[in-house]
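# Fold and contact review
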Amino acid sequence: MVTHVPAEAHGDERGALLSFVEAQRGAIRRSLIGLTEEQAASRPSAGELSLSGLLKHVAEVELNWLRMAQQRPSETYRDEETWADSFRLVGDETMERMLEFWDGVAAEVEKFIRSVPSMDDTFPLPDTPWFPKDGRVSMRWLLLHLVEEHARHAGHADIIRESLDGRTAFELVAEAEG
């Protein structure tokens, strides 16, 4: 879907990257318009993904990357035992609460990124098999990665939503914009 994502001002790299992250957040949020909790939790394809599960996953992933950049432990750390819970609402979790949680994470990401002295500032990657040993990434890389992560899951959300009720991203954009 072609959209124009403006920077706040010409040459404003932070503003442009934050705008692209927000555009992808919006795509995922729009996939939930008009759905019940049950519809959003359903898995209409052969896969395990649901819209409410994707919502929770992207919110937790964004918080985890923020905490890595801040070099603080994440409140939503998952291990092998709890990994599947990052893709489904459990207990008293609801879409509304997840959206509020994600709004808080998004605001914290923006505040943090606007506060770092340079987009070239780096932070260490965790010691895991999928990252290079002693790897570091910049704040710029973090925002580009969030665009990538959210865009991948926005595509999943488009497919799931269309499988649920035939509604496409274009229709949901039109509805969201009135």
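Structure report, in brief. (Residues numbered from 1 in each chain as written. Predicted model: local features only at pLDDT ≥ 70, side-chain atom pairs only at ≥ 80, totals over all residues. Heavy atoms only, no water.)

### Looking at unusual backbone geometry
Filter applied, for reference: Elements are defined by DSSP. Helices are runs of H or I of four residues or more, strands are runs of E of two residues or more, and each kind is numbered from the N terminus. Note on classification: 1.4 Å probe, protein chains only; a residue is buried when its accessible area is under 20% of the maximum for its type, exposed when over 50%, partly exposed between these limits.
Positioned with a positive phi, Q71 is a non-glycine residue whose angle comes to about 60°. One can find Q71 in the loop between α3 (51-70) and α4 (95-115). By relative accessible area, Q71 is classed as exposed at 54%. In this model, D134 sits at a positive phi of 60°, which is unusual for a non-glycine residue. By secondary structure assignment, the location of D134 is in the loop between β1 (122-124) and β2 (136-138).

### Some details on helix α5 (residues 139-165)
This is how it is decided: A helix is expected to span 1.5 Å multiplied by its residue count minus one.
The first and last C-alpha atoms of α5 sit 39 Å apart over 27 residues, in line with the 39 Å expected at 1.5 Å per residue. Phi for G166, located one or two positions after α5, is positive at around 80°.

### Description of the nonpolar core
Note the cut-off: Nonpolar cores were defined as sets of buried Ala, Val, Leu, Ile, Met, Phe, Trp, Tyr and Cys residues, with membership established by side-chain atoms within 4.5 Å. Note on definitions: a residue-residue contact is assigned when non-hydrogen atoms from the two residues lie within 4.5 Å.
Counting 40 residues, the largest nonpolar core has W65, I113, F123, M139 and L143 as its most contacted members. Those elements that place two or more of their residues in this core are α1 (13-30), α3, α4 and α5. Among the elements that line this core, the one with the most residues is α3, at eleven residues. Setting aside residues no more than four positions away along its own chain, I113 makes contact with R14, L18, M119, M139, L142 and L143.

### A look at a negative patch on the surface
As a reminder, the rule being used: Patch membership needs two things, relative accessible area over 30% and no salt bridge, and members are linked within 9 Å if like-charged or within 5 Å if nonpolar (Val, Leu, Ile, Met, Phe, Trp, Tyr). To be clear on the numbers: accessible area is Shrake-Rupley with a 1.4 Å probe, and residue cover counts the displayed protein chains and nothing else. The salt bridge definition used is simple: a Lys or Arg side-chain nitrogen within 4 Å of an Asp or Glu carboxyl oxygen. Think of it this way: Lys and Arg go in the positive column, Asp and Glu in the negative one, and His and the chain ends go nowhere. Note on charges: their place is set at NZ of Lys, CZ of Arg, CG of Asp or CD of Glu.
On the surface, a cluster of negative charge is contributed by E37, E38, E96 and E100. Those elements giving two or more residues to the negative patch turn out to be α2 (37-41) and α4. For E37, the position within the fold is in helix α2. Accessibility expressed as a relative area gives 31% for E37, which makes it partly exposed.

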